[in-house]
Amino acid sequence: MPRIVQYRQPAGAMSVGLRRLKSFFRKTSSQGPTFMIVGAMKAGTSTLHATLSHHPEIFMTTPKELHAWDMPKPPPIDSYHMHFERGHGFPIRGESTPSYAYHPGTMERLAGYNPDLRLIFIMRDPVKRAISHINHSLRMRKLQQKDLFDELLADQRDMSRLDARPFRPSPYGYHARGLYHLQISRMHRHFDAKQIHLLRLEDLREAPQEELDRICDFLGAARQSLEVTSKGVRKYDPAPPELISYLSTYYRLPNRILAEDFGVKTDDWL
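Read on for a plain summary of the structure. Counting starts from 1 at the beginning of each chain's written sequence and moves along it residue by residue. Whole-chain, interface and lining totals are the exception, using all residues; otherwise, since this is a predicted model, local features are given only for residues with pLDDT of at least 70 and side-chain atom pairs are given and counted only at 80 or more. Only heavy atoms go into the side-chain values, all of them from the structure, while hydrogens and water stay out.

1. As for the packing of helix α5 (residues 106-113) against helix α8 (residues 180-190)
Phase 1 of the analysis: Fitted lines through C-alpha atoms serve as axes, helices being fitted only where they are in contact, and the angles separating the N-to-C directions of these axes extend from 0 to 180 degrees. Runs of H or I in DSSP of at least four residues are treated as helices and runs of E of at least two as strands, each being numbered from the N terminus. Their axes nearest at 9 Å, the elements α5 and α8 cross at an angle of 30 degrees. With respect to α8, the element α5 is oriented roughly parallel. The handedness of the crossing between α5 and α8 comes out as right-handed. Taken together, the residues of α8 that come into contact with α5 (itself represented by M107, E108 and A111) are R186, M187 and H190.
Phase 2 of the analysis: The residue inventory of the contact of α5 with α8, partitioned by class, reads 3 nonpolar, 1 polar and 2 charged. With respect to orientation, any angle under 35 degrees is reported as roughly parallel, any angle over 145 as roughly antiparallel, any angle of 65 to 115 as roughly perpendicular, and every other angle as oblique. Crossing handedness is read from the near helix: turned anticlockwise from the far helix by less than a right angle, it gives a left-handed crossing, and turned clockwise, a right-handed one. Here, two residues are considered to be in contact whenever any of their heavy atoms come within 4.5 Å of each other. Side-chain classes are defined by residue name, with Ala, Val, Leu, Ile, Met, Phe, Trp, Tyr, Cys and Pro counting as nonpolar, Asp, Glu, Lys and Arg as charged, and the others, Gly among them, as polar.

Structure follows, in structure tokens:
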């Protein structure tokens, strides 16, 4: 009869391994972020970041966008945590990088880094978001007005490559960054629903204190009377009617799915 050989770990090996694991998550929770504003671009992330920075219990990084987890290679943890050194003693710490929700592979990375993270996703009318994005590219001279519709066609073709190469730098995103239901679905694959807070820029503007109270409750912070600090707001010439018509048609079905699947109000969007 063959002998049954029992494998025994070296004395103390298990406890050392557990201590190291506990130490890693203790470092993550005590030195890194407890929450992130993960999107959407041109939907009020700068305003929300600046407003929350005035809360006495909340530390927000400078710069606002760290772009740590949407790069081809994730950062060394210690160098990432250096951005939060001035937040020592704050119970709640956050950063805001809108591309985190946009890049398909980021949520899996974030869940691996800290499964207890809380995520805030702010949206606005995707037609207005896209127009703001286009105006930003025009202002930065990344886009010429005469090339606009050619660029939008290229942007549609570019979307099919996102999932194949989830951290590939993309010059586009005019369409995909407004497909909120896809971005929220990715969050739900890796985080519990109670760790995800959705809000609309329109509601933050209309009832700021009510929305900020909800955010404080979500983050576990005391409710505070905070003045909304508008950031990154620029005025542009009205968009061409044909562009508004095109975008309104494009987002009609995605907006309906967003409302049905996640209960987001979309009937006042274009």
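Following the structure, the description resumes.
2. Here we look at the sheet that holds strand β4 (residues 118-123)
Phase 1 of the analysis: Overall, parallel pairing links the 5 strands, which are arranged β2-β3-β1-β4-β5 in an open sheet. Strand pairing shows two members of the sheet lacking a second neighbour, β2 (58-60) and β5 (196-200), which therefore form its edges. Each strand axis lies, on average, 25 degrees off the axis of its neighbour in the sheet, ignoring direction.
Phase 2 of the analysis: Pairing of strand β1 (residues 35-39) with β4, which is carried by 4 bridges, proceeds in the parallel orientation. Following the sheet pairing, M36 is matched in β4 by L119.
Phase 3 of the analysis: Packing of helix α2 (residues 45-52) onto the sheet brings it into contact with β1, β2, β3 (92-96), β4 and β5, and relative to β1 it is tilted by some 160 degrees. We call two strands paired when DSSP finds no fewer than two bridges between them.

3. Quick look at the packing of α8 against helix α11 (residues 241-262)
Phase 1 of the analysis: Across the interface, α8 lies against α11 with an axial gap of 8 Å and an inter-helix angle of 35 degrees. Touching Y180, H181, I184, S185 and H188 of α8 are P254, I257, L258 and F262, all from α11.
Phase 2 of the analysis: Here the contact of α8 with α11 is built from residues that sort into 6 nonpolar, 3 polar and no charged.

4. Description of the packing of aromatic side chains
Phase 1 of the analysis: For this analysis, a ring pair means two rings from Phe, Tyr or Trp (six-membered ring only for Trp) whose centres lie within 6.5 Å, classed as stacked if their planes differ by under 30 degrees, edge-to-face if by over 60, and tilted for the remaining angles. The tally for this structure, following the rule as stated, stands at 11 aromatic pairs.
Phase 2 of the analysis: Judged by centre distance (4.8 Å) and plane angle (35 degrees), the ring pair of W69 and Y113 falls under tilted. Here the residue W69 occupies a position in the loop between β2 and α3 (77-81), and Y113 occupies one in helix α5, the gap between them amounting to 44 residues.
Phase 3 of the analysis: Relative accessibility thresholds used throughout: buried, under 20% of the residue-type maximum; exposed, over 50%; partly exposed, between the two (1.4 Å probe, protein chains only). Owing to a relative accessible area of 4%, W69 belongs among the buried residues under this scheme.
Phase 4 of the analysis: Consider the rings of Y80 and F84, whose centres lie 5.4 Å apart with planes at 70 degrees: the pair is edge-to-face. Of the two residues, Y80 and F84, both sit in the buried class.
Phase 5 of the analysis: One aromatic cluster in this structure is built from F59, W69, Y80, F84, F90 and Y113.
Phase 6 of the analysis: Either the NZ atom of lysine or the CZ atom of arginine qualifies as a charge over a ring when it sits within 6 Å of the ring centre and within 35 degrees of the ring normal. Across the ring face of F218, the terminal group of R118 is positioned such that the distance to the ring centre comes to 5.2 Å.
Phase 7 of the analysis: The ring of Y102 carries R177 above its face, with NZ or CZ at 3.9 Å from the centroid.

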